[in-house]
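Remarks on the overall topology
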Amino acid sequence: MRPLPGAPGVAAAAALLLLLLPRARSDEHEHTYQDKEEVVLWMNTVGPYHNRQETYKYFSLPFCVGSKKSISHYHETLGEALQGVELEFSGLDIKFKDDVMPGTYCEIDLDKEKRDAFVYAIKNHYWYQMYIDDLPIWGIVGEADENGEDYYLWTYKKLEIGFNGNRIVDVNLTSEGKVKLVPNTKIQMSYSVKWKKSDVKFEDRFDKYLDPSFFQHRIHWFSIFNSFMMVIFLVGLVSMILMRTLRKDYARYSKEEEMDDMDRDLGDEYGWKQVHGDVFRPSSHPLIFSSLIGSGCQIFAVSLIVIIVAMIEDLYTERGSMLSTAIFVYAATSPVNGYFGGSLYARQGGRRWIKQMFIGAFLIPAMVCGTAFFINFIAIYYHASRAIPFGTMVAVCCICFFVILPLNLVGTILGRNLSGQPNFPCRVNAVPRPIPEKKWFMEPAVIVCLGGILPFGSIFIEMYFIFTSFWAYKIYYVYGFMMLVLVILCIVTVCVTIVCTYFLLNAEDYRWQWTSFLSAASTAIYVYMYSFYYYFFKTKMYGLFQTSFYFGYMAVFSTALGIMCGKFLNSWNIMKNFDYLRLRKTL
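Residues numbered from 1 in each chain as written. Predicted model: local features only at pLDDT ≥ 70, side-chain atom pairs only at ≥ 80, totals over all residues. Heavy atoms only, no water.

This part covers the pattern of salt bridges. Summed over the entire model, instances satisfying the criterion amount to 20 salt bridges. Lys178 is paired through a salt bridge with Glu143; the nearest N and O atoms lie 3.1 Å apart. Taken together, the residues Lys178 in strand 9 (residues 167-180) and Glu143 in strand 7 (residues 142-144) connect sequence positions 35 residues apart. Each of Glu38, Lys68, Asp93 and Lys95 takes part in one network of salt bridges that share partners. (Salt bridge = Lys/Arg side-chain N within 4 Å of Asp/Glu carboxyl O. Helix = DSSP H or I, 4+ residues; strand = E, 2+ residues; numbered from the N terminus.)

As structure tokens, this is what we get:
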């Protein structure tokens, strides 16, 4: 049988592909290596230890690079680009399971300008970060003597890399070779690599970066127990109000209905039943109100899904994966925003549904992007790695216009058609009922201010751990705690909102929508106030960049948390807790 034309060439190409395939798959993306295969040491960022977000490119300091040919790195995820990951090849020759004896890899010609740059970095306690096979490594630039007159640079990087089979499971860096910084001298930078066999499993290689003694401290468990007891107390309080107080109201109203008009004392009528003709009146500014409710539903859905994914996938093991997941989930859950916001707006008789859809779709993205772009100008001025690249800005805008907006439109149309018709148990009066005078503690402003205290009290200890993981060098991994705290926050906020709504209606004030929303959303005010305490008493942050970064994004976080808590009033469903449906027979 004659071979097919070109068969030898195809066979040779196939054989070559088979030879190259194992090597092509053995790298830091697959986390598997062959003996003597190149292992890349990426230099990431450098910056003040106390200002974690103020980071710069590693080679913004006058470090020198090794002799190996440079390798380009591209932002592989949107989260990497937004978090300021700036990986640059170190130029060091490292091969899998191949020890490297101490040797010089480059030389710094230290003139006065370079010395001043190093001295400034040492004075501000600059640390740098590196990566080997996605494992982070930290090292300090240098140190000063006790008098603060002489400054020394660490010039020798001693790397000890642990391997298990064909995988890297551990990396340790020891900085040695302290050299005094003297102008117009040459400083030799050196390194060594020692490979050691390790029993650490690849799945457990990030455990060394976790801090169980911090996150699983007794105070953490105590806070969960304390919040749980608060939930029991509030549920009991709400049950008492709804079961005992309302039962008396029902009995009194039923008795009055059985009386003749001449026997009924109209002067004694008071309470929440008297506003039945106004309680379902549309809220003031229904367009904004419905947009906030829709955004709150979406934020809650995103929080719930991201926490569940983080519990399953251990997102902290990959750079930028948490932020990338949050962006993807937020875009995918846009129909939730449109459905709840659009249906509520339709039930309130809104006619400008397209405008409401645009506001609901871009409310949170505009707030986040506006803050990010403002901080981006400061980052550009400082030449910080946190400066968002132009291409990333374009990508975020494309996600907003071509993913979030169309999905929000779909959700809005479904919401208006499926649950956009008013289904109130009683009609709304044509003329609003005058609101009687009431005691000062029944005023909406007072209810709003007091409403957020208990929800904040149920989460403020967890806020400390979340703040520390984001603003300090801690990796948050106890997402089971976070899920439990989220559930507790939901229950506490719903209970507080029901109580606030009942007190307001019992004072014959039917303006419950915004009061209920703001009483729950006021939790954000206390969280933001707590962020001031954390900044001044729990950290050593300083400088314009870090301060604007901290308070800017804390404002975004607090606002998003407030909108999510405000969502827990469950729109019109709160009113069903008062069982207005049962009043159809008597009204």
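Past the structure itself, the notes keep going.
This part covers a nonpolar patch on the surface. Taken together, the side chains of Ile219, Phe222, Phe225, Phe228, Met229 and Ile232 present a nonpolar region at the surface, about 590 Å² in accessible area. Mapped onto the elements of the fold, Phe225 is located in helix 5 (residues 218-258). In this structure Phe225 comes out as partly exposed when scored by relative accessible area, which is 49%. (Patch = residues over 30% accessible without salt bridge, like charges linked within 9 Å, V, L, I, M, F, W, Y side chains within 5 Å. Areas by Shrake-Rupley, 256 points an atom, 1.4 Å probe, with all protein chains shown as cover. Buried < 20%, exposed > 50% of the residue type's maximum accessible area, 1.4 Å probe, protein only.)

On the surface, Glu203, Asp204, Asp207, Glu313, Asp314 and Glu318 cluster together into a negatively charged patch. Locating Asp207 in the fold gives a position in the loop between strand 10 (185-197) and helix 4 (212-215). (Lys, Arg positive; Asp, Glu negative; His and termini not counted. Charge placed at Lys NZ, Arg CZ, Asp CG, Glu CD.)

For the structure on display, the rule yields one disulfide. Through a disulfide, Cys64 is tied to Cys106; the S-S separation comes to 1.7 Å. Between Cys64 and Cys106, the S-S dihedral sits near 60 degrees, and the bridge is therefore right-handed. Placement of Cys64 in the loop between strand 2 (56-57) and helix 2 (78-82) and of Cys106 in strand 4 (residues 100-110) is noted, with a sequence separation of 42 residues between them. (Disulfide = S-S within 2.5 Å.)

Now for empty space enclosed by the protein. Here the idea is plain: a probe the size of a water molecule rolls over the atoms and shows the empty space left. Counted under the stated rule, the structure contains two cavities of 30 Å³ or more. Space inside the largest cavity adds up to approximately 50 Å³. Counting only elements with at least two residues in the lining of the largest cavity, the list comes to helix 5 and helix 12 (453-471). Counting residues per element, the lining of the largest cavity draws most heavily on helix 12, at six residues. Here the residues of the lining of the largest cavity are counted per class, giving five nonpolar, five polar and one charged. (1 Å grid on protein atoms, 1.4 Å probe; cavity = no way out; pocket = protein on both sides within 12 Å on 5 of 7 lines; lining within 4 Å. Points joined across faces, edges and corners; volume = space filled by probe spheres on them. Nonpolar A, V, L, I, M, F, W, Y, C, P; charged D, E, K, R; others polar.)

Once that is clear, we can look at helix 13 (residues 479-506). The end-to-end C-alpha distance of helix 13, which contains 28 residues, comes to 40 Å, matching closely the 40 Å that a straight helix rising 1.5 Å per residue would cover. Counting buried positions over the 28 residues of helix 13 gives 21, a clear majority of the element. (Expected span 1.5 Å × (residues − 1).)

With 118 residues, the main nonpolar core has Ile94, Val141 and Ile168 as its most contacted residues. Among residues more than four places away in sequence, those in contact with Ile168 are Tyr33, Val39, Phe96, Ile132, Asp133, Leu135, Ile161, Gly162, Phe163, Trp195, Phe202 and Arg205. Counting residues in each nonpolar core, the second largest holds 22 residues, with Cys426, Ile488, Val492 and Ile498 among its members. (Core = buried A, V, L, I, M, F, W, Y, C linked by side-chain atoms within 4.5 Å. Contact = heavy atoms within 4.5 Å.)

Turning next to the environment of His29. Mapped onto the secondary structure, His29 falls in the loop between helix 1 (7-25) and strand 1 (41-48). Put simply, His29 and Asp133 are 104 residues apart on the chain and 7.9 Å apart in space, counted from C-alpha to C-alpha.

Packing of helix 14 (residues 512-521) against helix 16 (residues 544-567) leaves a shortest axis separation of 7 Å and a crossing angle of 135 degrees. As judged from the angle between their axes, helix 14 and helix 16 are oblique. Once helix 14 is placed against helix 16, the crossing between them reads as right-handed. Contact residues: Phe517, Ala520 and Ala521 in helix 14; Gly562, Ile563, Cys565, Gly566 and Lys567 in helix 16. (Axes fitted to C-alpha atoms, helices over the stretch in contact; angles between N-to-C directions. Parallel < 35°, antiparallel > 145°, perpendicular 65-115°, else oblique. Left-handed = near helix turned anticlockwise from the far one by under 90°.)

Glancing now at the side chain of Glu462. Along the chain, Glu462 falls in helix 12. It is Lys474 that comes nearest to the buried, bridge-free Glu462 among opposite-charge side chains, at 14 Å. Leave out the neighbours within four places in its chain, and Glu462 touches His220, Ile224, Tyr476, Phe481, Met482 and Val485.

What follows concerns the pairing of strand 9. One ladder, built from twelve bridges, connects strand 8 (residues 151-164) with strand 9; its direction is antiparallel. Note on strand 9: the bridge partner recorded for Ile161 is Val171. Adjacent in sequence and paired antiparallel, strand 8 and strand 9 are bridged by two residues, among which Gly165 carries a positive phi angle near 70 degrees. (Pairing = 2+ DSSP bridges.)

Time to look at the confidence of the model for the protein chain. Here the protein chain shows a mean pLDDT of 85. Residues at 70 or above account for 87%. Every residue in residues 1-26 scores below 50 in pLDDT, and together they form nine contacts with partners more than four places removed in sequence or on other chains. (pLDDT = per-residue confidence, 0-100.)

The subject of this paragraph is the packing of aromatic side chains. One pass over the full model with this rule turns up 55 aromatic pairs. Relative to Tyr473, the ring of Tyr49 has its centre 4.8 Å away and its plane inclined at 10 degrees; by these criteria the two rings are stacked. Taken together, the residues span a long stretch of sequence, with Tyr49 in the loop between strand 1 and strand 2 and Tyr473 in the loop between helix 12 and helix 13 at a distance of 424 residues. Relative accessible area serves as the criterion here: at 34%, Tyr49 is assigned to the partly exposed category. Note on Tyr464 and Tyr534: the rings are 6.0 Å apart at their centroids and 65 degrees apart in plane angle, and the pair reads as edge-to-face. With Tyr464 in helix 12 and Tyr534 in helix 15 (residues 523-538), this pair connects stretches of sequence that are 70 residues apart. (Phe/Tyr/Trp six-rings, centres within 6.5 Å; stacked < 30°, edge-to-face > 60°.)

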